[in-house]
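Here is how the chains run, residue by residue.
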Amino acid sequence: MEDKKIDRKKFISTLGLGAVAITTGISACQDKAEQIAAPNIITNKSYRWKLVTTWPPNFPVLGQGATLFAQWIREMSGGRMDIRVYGGGELVPPLEVFEAVYSGAAEMGHGASYYWAGRSQAAQFFTSVPFGLNSQQIYSWMLFGGGYELWRELYADFNLMPFIGGNTGVQMAGWFNREINSIDDFKGLKMRIPGLGGKVLEKLGGTAVLSPGSELYTNLERGVIDATEWIGPYHDYLMGFHQIAKYYYAPGWHEPGSVLETIVNKRDYDNLPKDLQTIIAAASERLALWVISEFEAKNNEYLQKITQESTAEIRMIDKITLSGIRDVTNDVITELVDKDSVAKKVHDNFSSFARGIRNWSKYSEGLYHSI
Ligand code: CA
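Computed from a predicted structure; not experimentally measured. (Residues numbered from 1 in each chain as written. Predicted model: local features only at pLDDT ≥ 70, side-chain atom pairs only at ≥ 80, totals over all residues. Heavy atoms only, no water.)

Chemist: Can you tell me about the environment of Gly 232, naming the residues and giving the values?
Modeler: Summarising the element assignment, Gly 232 is placed in the loop between strand 8 (227-228) and helix 10 (233-239). Every residue in contact with Gly 232, bar those within four places of it in the chain, is listed here: Met 172, Tyr 248 and Asn 299. (Helix = DSSP H or I, 4+ residues; strand = E, 2+ residues; numbered from the N terminus. Contact = heavy atoms within 4.5 Å.)

Chemist: Describe the pattern of salt bridges, and please don't skip the residues or the numbers.
Modeler: Tallied over the entire structure, the rule returns 15 salt bridges. With a shortest N-O distance of 2.6 Å, Glu 153 and Lys 345 are connected by a salt bridge. Here Glu 153 is found in helix 7 (residues 147-156), whereas its partner Lys 345 is found in helix 14 (residues 341-363), with 192 residues between them in sequence. Its relative accessible area of 45% is what places Glu 153 among the partly exposed residues. (Salt bridge = Lys/Arg side-chain N within 4 Å of Asp/Glu carboxyl O. Buried < 20%, exposed > 50% of the residue type's maximum accessible area, 1.4 Å probe, protein only.)

Chemist: Go over the sheet that holds strand 6 (residues 190-192) with me, naming the residues and quoting the values.
Modeler: Across the sheet, six strands lie side by side as 7-6-8-5-9-11; this open sheet has mixed pairing. Single-partner strands in this sheet number two, and they are strand 7 (207-209) and strand 11 (313-316). The pairing of strand 6 with strand 8 spans two bridges and is parallel. Within strand 8, the residue paired with Met 191 across the bridge is Ala 227. In this fold helix 8 (residues 195-203) packs onto strand 6 and strand 7, with an angle of close to 155° to the strand it touches most, strand 7. (Pairing = 2+ DSSP bridges. Axes fitted to C-alpha atoms, helices over the stretch in contact; angles between N-to-C directions.)

Chemist: An account of the sheet that holds strand 1 (residues 47-53) is needed here, citing residue identities and associated values.
Modeler: What the five strands build is an open sheet, ordered 2-1-3-10-4; its pairing is mixed. Of all strands in the sheet, those with a lone pairing partner are strand 2 (81-86) and strand 4 (160-167), marking the two edges. Each adjacent strand pair in this sheet contributes to an overall mean axis angle of 25°, direction not counted. Against the sheet, helix 7 touches strand 4 and strand 10 (259-265), its axis set at about 135° to strand 4.

Chemist: Give a detailed account of the nonpolar core, specifying residues and quantitative values.
Modeler: Core analysis: the biggest nonpolar cluster contains 92 residues, and Trp 141, Trp 230 and Ile 280 have the highest contact counts within it. When residues in this core are grouped by element, the largest group, 12 residues, is from helix 12 (residues 274-309). Here this core spans two domains, since at least three of its residues come from each of domain 1 (8-170 + 257-297) and domain 2 (174-255 + 311-340). Not counting residues up to four positions away in its chain, the partners in contact with Ile 280 are Trp 49, Phe 69, Ile 73, Met 81, Met 108, Phe 163, Val 264, Tyr 269 and Leu 272. If you look at the next biggest cluster of nonpolar residues, it comprises 20 residues, including Ile 193, Ala 227, Leu 322 and Ile 325. (Core = buried A, V, L, I, M, F, W, Y, C linked by side-chain atoms within 4.5 Å. Domains from an automatic or database assignment.)

Chemist: Tell me what's going on with empty space enclosed by the protein, and back it up with residues and numbers.
Modeler: Enumeration according to the criterion identifies one cavity of 30 Å³ or more in this entry. Its volume calculated, the largest cavity comes out at about 90 Å³. Trp 55, Tyr 114, Tyr 115, Gln 171 and Leu 260 are the residues nearest the centre of the largest cavity, which is lined by 14 residues in total. Within the lining of the largest cavity, the residues separate by chemical class into eight nonpolar, four polar and two charged. Looking at which domains feed residues into the lining of the largest cavity, each of domain 1 (8-170 + 257-297) and domain 2 (174-255 + 311-340) supplies at least three. (1 Å grid on protein atoms, 1.4 Å probe; cavity = no way out; pocket = protein on both sides within 12 Å on 5 of 7 lines; lining within 4 Å. Points joined across faces, edges and corners; volume = space filled by probe spheres on them. Nonpolar A, V, L, I, M, F, W, Y, C, P; charged D, E, K, R; others polar.)

These values are about where atoms sit, not about what they do.
So this is what it looks like as structure tokens:
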């Protein structure tokens, strides 16, 4: 009885700390050695850094988010850290952001880890897994399930320090100029779809193309591709796909809550004073919340605009087709992790966490949505 009282007291005394840990969860995930290694002296030294993005210049939400991130860091650091943001192609091509940051051509980057699957198959698990976790669940995996540690371990090999730099929420399956009534309709389909979703499409008999956002409208309009996925109604509307595609399919089975990344050259990051390191972590957390909130707030409004302003038909992929895609997804992931021990390590951790949080969601989100 006495022990229980003590435990409870201990528990209550940690509640204040717990609240702090939650609000600064990302920075709390940095390992101890790194915190000790960072110099604690606040100096007046200023830093002029470059941030390259995979997004076209001034791109809504994603590019804007990167610009806000730079602005927040400038404000929080009292001007000591001045980051200039470059859209894709302004300093380096969009899909060379990873190389630019690890080589030191730019100190920071903003994009998504699944663009770098050619470098590391394991990287794509840190964006999204088809039929995997939603945004809130994958944030939980990152911060409290071991995701961040695995991501940082993987990226350390590339001289990079990654942070969550936003989340799209559940995406749409994409824009199609062909009907999808069964898994056979993916045969011969040429579609822009990155990450593990692209591998699933290939297994279904289609061709997956990874092109940067800036090329998609033209490629779809000219029939270079038959379909493209992008994000969700708000951003897709701004991209104009409703003007050129016949069907807009839901749900985004391939990206149920994609994490965007902010990457920092690790050598440069390690050489920063501790307060600037914390400021980068804090700005990343703010961006993580800002991006998902903006998407979720605007998606319905723009879904309505698409319905009203275009002839594009909004459709659902039927349950039998989705179930067939899910089976193929499981085969694709099994084959991938059998061949790649790093991807296996990440996937084992991810899937174990996913099992647990899905069980909880039966009693929380699942039950709530069924009301
Ligand atoms: Ca997407």
